[in-house]
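One-letter residues, chain by chain:
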Amino acid sequence: MASETTPIRARLRLPTHLLRPGGGGFGMVPMIASVVLALIVLAALFAPFITLHDPVQMSPAQRLKPPSAGFPLGTDAYGRDLMARVIYGARVSLIIGIGASICSVVIGLAIGLVSGFFRYADAVVMRIMDGLMAMPSVLLAIAIVSLVGPSIWTVMFAITIPEIPRVVRLVRSIVLAARDEPYVEAAIAAGTSLPRILWRHLMPNTFAPLSVQATYVCASAILTEAILSFLGAGVSTETPTWGNIMAEGRMYFLIKPELIFWPGLALSLCILSINLIGDAARDILDPRMARRKE
Amino acid sequence: MTSHSSPSVWMASIGAAVLSSVVAFGSPARAETTITAVMESGVRVTDPILTTAHITRDFAYMIYDTLLGMNSKFEVEPQMASVKISDDKLTYTFTLRDGLKWHDGSDVKPDDCVASLERWMKRDSGGQLIHDDMASLKVTGDKTFALTLKKPFAPALQILAKPSSLVPFMMPKKVAETPADQPIKGFDGSGPFKVVDFKPGVKVVFEKFKDYKPAPGKADWFAGGKVADVDKVVWETMPDSQTAINALMSGEIDFYQTPSYDLLPVLQANPELTVKVMDKTGSQFIGRMNFLYPPFNNKKLRQAALAAFDQKDFLDAAVGHPEYFQKCGATMGCGTPYGFADGSETLTHGGDMAKAKKLLKEGGYDGTPIVILQPTDNASITTQPLVAAQLLRKAGFKVKLEPMDWQSVVIRRASKAKPSEGGWNMFFTGWEIPEINTPLNNPMLNARGDQAWFGWPKDEKFEGLRKEFMDASDEAGRKAAAEKIQSYAMDDVLFVPLGQYTSPWAWSNKLSGIPDTPFPVFWGVSKKD
Amino acid sequence: MRGYITRRVLATIPVLLVVAVFVFLLLRLTPGDPAAIIAGDTATDAQIAAIRHNLGLDQPIVVQFALWVGQLLHGNLGTSILSGKTVASLIADRAPPTIWLATITMVLTIVVAVPMGVLAAWRHKTWVDHLIMSLSVLGFSVPVFVIGYLLIGLFAVDLHWFPVQGYTPPSQDFWAFLQKMILPAITLASIYVALIARMTRASLLDVLGEDYVRTARAKGIAERKVLFRHALRNAAIPVMTVIGTGFALLISGVVVTESVFNIPGLGRLTVDAIFSRDYPTIQALILLTSGIYIAVNLLIDLSYTLLDPRIRY
């Protein structure tokens, strides 16, 4: 048996060092992930130049056509170019992902700083955060989108709200730890103004963990958008997103699985890349993780 | 009950209920025939007099019966009762058939029917017309009751027999005495099936009502003998059409009402399935504008929009397969006695963009964006708003699509707010032809302002034409009035007919005898193992 | 200890109140009208208004809120606007499928994920580790419904190993129940396995770096013994935490899985209720799920004291 496993191991050992996450600096996997993500972002930015058709132009005569020179990935049920839709879909999905992560981090940072620093605000704020966190996020998001009416902005808002408490908790815990540090106590004793303490002394501590958190929020937001579309609470298909292309295409899964496959592949690759980059960033930034590398 | 102990009380009560349903043993399987069907949607509201939802009506036809039934030639036949009209055409005497029973075993009495009709007249627009001219409605014997009118009203029987919402279903007196705007409780009817299990939005289990005595004759639509051939019918709701198709192909369900047109080849290729259009009359897509706000409070601009529309574009996108659709400019549906198509030429012949642009200029369009409600989760009418937006933009309109789930459309279209503040300018839906085949039942052919259907057109002249139809003493007179109504409705753009289509149903070859009704019913259907 | 538990339990009351107020305001301050949905296609304004009045929706928001809280305190979850059934009976009806699905998924997850995590930590920095970690990232990078479709397409439609959809109560036909539960449970577990495997690995690696483990190793105690006796026991705490917080993830997965596999559970009930603006049902369900979330996390917090002798209150 041993003699049989050895060659397999040997063969598999070849790429092993390449796969090592953050083995020495930025490893191969995060590197590949960054390249993939960069390609997706570039495609989104230059969508008008690399697509052959308008992603919303319908031509009923061209419904559900297989791939051809004119339509490299074929067409959807309205005769729209699937490739154009997937590429334009990257725009909205990324806007929602990045938007939700920026919003939740900024709002969460503000609330977390205040909550961590002012004891009297803390109790109230944290009860509210606990309440928000207790509500099932996807159900909350469906409710918000369905009640307020779907648009990119409502979807982004609905995804952001449930993420805020997690950021607040993170920031608060960092602030609580930092405010007892001698340099912060010294600054308070020296009569440094409050905003300055928050801004100069406390906030920088949060940057590293927040940037890691932001990548995860971004990935989860893109995924949540897809789930919302699937459940019928997503953005109109006039604005293609990976989620709503799949949601619309699932009716045709038996005859044209590409309608789910291509946007699904783009979405999975994108999220996979973001998660891997997030993992790598955490490994580099988290000193506890560094020890595990030994 | 003290308040501090209460949360634990309801937790305990839920706990106990959950436990009992997890543990409870179901009845052992018997040799019985069961049809499992997936209908167009799940049954949630069960009162057919309260809501016009199709699924609620379909559900009600399973468990309730009607006094009269309409056959496939749109003729009225006796069902629970025979009717005799007096010579002065004022008194309608109904005589109940022998042996009619409610599901609880008691006899159907004339006072049950009187109470049921009274509740229905409060809600149904046709019923209100009868009520307006009614002198009395009372029990006249053990088996008889009489409806007396103040003046002759020829369409009365047609209205009483109509298979479109709201159908005058007969219910026991104690149920029918529920106020008309409150939901009824329970499912006690006298129809061929009875409800044995109801899980809102999930499933309904019907069981053959053993004591049902079918009317004489062969079933033809809603007339004749409604014979239940199977022991049970189960309606399952499947939120995902993909799941339903897979379930049908793997034999887990026997009947699927709404397979998507594009998937028909897959189903047709399966030798164990039948795919067929049973409802030859079909349905009609329509677009409706809001008459309260600019730009569509302006007749010229409504006409401009109409001129921009080409039915073929809509039908290609929504149905896609020519064998299932036909262009049709008749506001009351093609293939019906009043199916005139006057004034719809551009609609059915490629549209007229030049005319649209000209009318847009004449109407003085100021660039107010048109708010179109776009349902995202209702496959059959999710395409129309997209096509309309594209055509309207081509004509020079500004369009704002507001995507939302279908239920939100239902809520939003009832709003009279400004389009920019939560209202709307245009929405789309579909009607079964029997729901719109006369000027009396067609909700869009009604211009009584606030009393009218969503969109609220107000037009005395049009109402005059409707009165002409109602007062006509013979069919020729009604036809003449109906043709005028058609021309007027198209000229004023009361609504836009967007084409007629049929919907094939798919079922397992184990089933036989599927009737050619406008919507699926399960009497006369048998199943072999 | 008892005082601590009491304090923790009491602390959940304001949190539940926050949930109640938030959900209530969300429903009442946004446009939407269940009356219009009930009335249907041909309703006139007057008919809609009459139904609205009957439902008490024309009363001031504060009054409506007070009525609702009063009902809750009297053990009444309310009545569904649409079907007229009590919300408690709806929940009792729809809870078993969800409870079974969640339970089977959890068992499946723990059986698969914990060994995966242990293996990855034990074979740290080998191809085994990398393979397991890559698979786990993939697990939460693919939308649940895509996984569901792929499983259905392969195992139900092509291979006919399992039914496509549906739910049979185990009491009625246990075999059918099991067959119908397997694909949904695997679908739902895919995200969860990823999460828990990663967490198990990370916390094991943490513990393996601790001094007492190093000491144990230095003393020459067998590697397997070190792993199971010392390390795994301590690593259990963070894993428990993830199971608790992952509960939220489970719920979102349940909603989608129930739709794809047509399982009549609580997730679909909630989504249906949201779309049809069935206010009492939405309110009760979100409050209930939040309550369960809070209870699960509280129990996990409290169980730390049992698992970790170092934590004392």
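Residues numbered from 1 in each chain as written. Chains lettered and ligands numbered in written order. Predicted model: local features only at pLDDT ≥ 70, side-chain atom pairs only at ≥ 80, totals over all residues. Heavy atoms only, no water.

Tallied over the entire structure, the rule returns one disulfide over all chains. Here Cys 328 of chain B connects covalently by a disulfide to Cys 334 of chain B, the sulfurs 2.1 Å from one another. Disulfide Cys 328 of chain B-Cys 334 of chain B: the torsion about the S-S bond is 100 degrees, which places it as right-handed. Judged by its relative accessible area of 1%, Cys 328 of chain B falls in the buried class. Here Cys 334 of chain B falls in the partly exposed class, since its relative accessible area comes to 21%. In this structure Cys 103 of chain A is not part of a disulfide, and its nearest cysteine sulfur, from Cys 218 of chain A, lies 12 Å away. (Disulfide = S-S within 2.5 Å. Buried < 20%, exposed > 50% of the residue type's maximum accessible area, 1.4 Å probe, protein only.)

This part takes up a nonpolar patch on the surface. All names here are of chain A. A contiguous nonpolar patch, built from Val 35, Leu 39, Val 41, Leu 42, Leu 45, Phe 46, Phe 49 and Ile 50 and spanning about 790 Å² of accessible area, is present on the exposed surface. Secondary-structure elements contributing two or more residues to the nonpolar patch are α2 (28–45) and α3 (47–50). If you tally residues by element for the nonpolar patch, the top one is α2, at five residues. Here Phe 46 lies in the loop between α2 and α3. Judged by relative accessible area, Phe 46 falls into the partly exposed class, the value being 44%. (Patch = residues over 30% accessible without salt bridge, like charges linked within 9 Å, V, L, I, M, F, W, Y side chains within 5 Å. Areas by Shrake-Rupley, 256 points an atom, 1.4 Å probe, with all protein chains shown as cover. Salt bridge = Lys/Arg side-chain N within 4 Å of Asp/Glu carboxyl O. Helix = DSSP H or I, 4+ residues; strand = E, 2+ residues; numbered from the N terminus.)

What follows covers the interface of chain C and chain B. Across the contact, 53 residues belong to chain C and 54 residues belong to chain B. Taking both partners together, chain C and chain B bury about 4,700 Å²; carbon and sulfur atoms supply 58% of that area. The interface formed by chain C and chain B holds one salt bridge in total. With its nearest N and O atoms 3.0 Å apart, the salt bridge here joins Asp 272 of chain C to Arg 44 of chain B. Contributing elements (two or more residues each) for the side of chain C that touches chain B: α2 (34–39), α3 (45–54), α4 (61–73), α5 (87–122), α7 (144–158), α10 (223–260) and α11 (266–275) of chain C. Ranked by the residues each element gives to the side of chain C that touches chain B, the list is headed by α5 of chain C, at 10 residues. (Contact = heavy atoms within 4.5 Å. Buried area = accessible area lost by both parts, 1.4 Å probe.)

All names here are of chain B. Enumeration according to the criterion identifies 36 salt bridges over all chains in this entry. Residue Arg 57 is joined to Glu 432 by a salt bridge in which the shortest nitrogen-to-oxygen separation is 2.7 Å. Separated by 375 residues along the polypeptide, Arg 57 in helix α2 (residues 54–63) and Glu 432 in strand β17 (residues 426–432) bring together distant segments of the chain. Glu 432 gets classed as buried once you look at its relative accessible area, which sits at 8%.

This paragraph deals with the pairing of strand β12 (residues 273–276) of chain B. Residues and elements named next belong to chain B. Along β12, the buried face is formed by Leu 273 and Val 275; none of Thr 274 and Lys 276, which line the opposite face, is buried. Sheet topology places β12 next to strand β19 (residues 505–508); four bridges connect them, and they run antiparallel. In the sheet register, Val 275 faces β19, and the bridge partner there is Ala 506. (Pairing = 2+ DSSP bridges.)

On the side of chain B, 29 residues touch chain A, which itself brings 21 residues to the contact. Between chain A and chain B the total buried area reaches about 2,000 Å² when both faces are included, carbon and sulfur atoms providing 56% of it. The interface formed by chain A and chain B contains one salt bridge. Counting the contacts that link chain A with chain B gives one residue pair in polar contact (both at pLDDT 80 or more). Looking at the side of chain A that touches chain B residue by residue, the classes come out as 12 nonpolar, five polar and four charged. (Polar contact = N/O pair within 3.5 Å; in protein donor to acceptor, adjacent residues only side chain to side chain. Nonpolar A, V, L, I, M, F, W, Y, C, P; charged D, E, K, R; others polar.)

A word on the domain arrangement of chain C. All names here are of chain C. Here chain C is partitioned into domain 1 (2–73) and domain 2 (89–307). Each of domain 1 and domain 2 was reduced to a C-alpha centroid, and the two centroids are 32 Å apart. Across the boundary between the two partners, domain 1 contributes 21 residues, which contact 14 residues of domain 2. Between domain 1 and domain 2 the total buried area reaches about 1,600 Å² when both faces are included, carbon and sulfur atoms providing 76% of it. The interface formed by domain 1 and domain 2 holds zero salt bridges in total. Taken together, the connections running from domain 1 to domain 2 amount to two residue pairs in polar contact (both at pLDDT 80 or more). Those elements that place two or more of their residues in the side of domain 1 that touches domain 2 are α1 (2–29), α2 and α4. (Domains from an automatic or database assignment.)

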